[in-house]
Amino acid sequence: MHHYPEASADTAVIFDFETSGLSPNYGDRAIEIGAVRIKSGKVVDRFQQLMNPGFRISGFIESYTGISNELLKDAPACEEVMEAFADFIGEDNLVAHNASFDKRFLEAELERVGIHFRGNIACSMLLARRIYQRAPNHKLGTLVAYRNIQAEDVFHRALADSEMTSRLWLKMIEDLQSQYLLPELSFATMQKLSRTPKSKVHSFLSSFSSE
DNA sequence: TGCCAGGCCCTCTTTAGGGCCTT
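Residues numbered from 1 in each chain as written. Chains lettered and ligands numbered in written order. Predicted model: local features only at pLDDT ≥ 70, side-chain atom pairs only at ≥ 80, totals over all residues. Heavy atoms only, no water.

1. Brief notes about the sheet that holds strand 2 (residues 30–39)
Formally: Two strands are said to pair when DSSP picks up at least two bridges between them. To qualify as a helix, a DSSP run of H or I must reach at least 4 residues; to qualify as a strand, a run of E must reach at least 2; elements of each kind are numbered from the N terminus. Each axis is a line fitted through C-alpha atoms, and for a helix only the stretch in contact is used; angles between axes span 0 to 180 degrees, taken between their N-to-C directions.
Taken together, the five strands give an open sheet; going across it, the order is 3-2-1-4-5, and neighbouring strands pair in mixed fashion. Either end of the sheet is taken by a strand with one partner, and the two such strands are strand 3 (42–50) and strand 5 (121–123). Each strand axis lies, on average, 25° off the axis of its neighbour in the sheet, ignoring direction. Across two bridges, the pairing between strand 1 (residues 12–19) and strand 4 (residues 94–96) is parallel.

Okay, structure coming up:
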């Protein structure tokens, strides 16, 4: 897999996992993957698949996600789905909301099928904490409302959350471009911004725009 | 319905603690 951090920020795969819990190191597995591919700011492809983790999920996860054990019973195994998702990712850069969480599951599930993921992942939450410092909080649902982004009819399903994260990602690009008069933002610049101390965000963007 | 992990980030910090996010 080759990845291109110098690629434009508006071309990427935005993805989201639903899982049986919080930690793959403690036996949790993916139960659903959803993704939206954007190219030059437009949605050009989608991926959504439930997957059977091989055990019953808790009642908490059933009600949190709306994904029942009954639904998972006939779903393909994680390994089969993850191989297909690796093909879907291809060479694109990745985005997720609170990416450290989704990255852990992506790496753990891909390792199970012999794929060592080495791509770039940007975090929309870290960016939103810098760009929307006055938002009430930086949960996906709050940011969607805060920025008047079209919501899906459900939350906590993989494709719906991916769709909303993709809209948030594009909105952040749009807001940065209009606020700092930037002609184009690279994926790498977005990643750098997500690691810039909050107090230095303005100077980072100002210096970048004058380069 | 929740507090199982872990990275980020602030503060009454660095020999640490706790809230925010994700499921």
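Continuing now.
2. Thoughts on the protein's contact with DNA strand B
Going by this rule: One heavy atom within 4 Å of a molecule or strand is enough for the residue carrying it to be called near that molecule or strand. N or O atoms closer than or at 3.5 Å make up a polar contact, with two conditions inside protein: a donor-capable atom paired with an acceptor-capable one, and, for residues adjacent in sequence, both atoms drawn from side chains. Classification convention: Asp, Glu, Lys, Arg as charged; Ala, Val, Leu, Ile, Met, Phe, Trp, Tyr, Cys, Pro as nonpolar; all other residues, Gly among them, as polar.
In the vicinity of DNA strand B, 31 residues are found, and the nearest of them are Phe60, Ser63, Tyr64, Arg130 and Arg195. Close to the protein, within 4 Å, the atoms of DNA strand B are drawn from sugar and phosphate at a rate of 58%. Between DNA strand B and the protein, one listed contact pairs a base oxygen with a backbone N or O atom of Phe60 at 3.2 Å. For the surface near DNA strand B, the element with the most residues is helix 1 (residues 59–65), which contributes six residues. Residues belonging to the surface near DNA strand B are distributed by class as follows: 10 nonpolar, 12 polar and nine charged.

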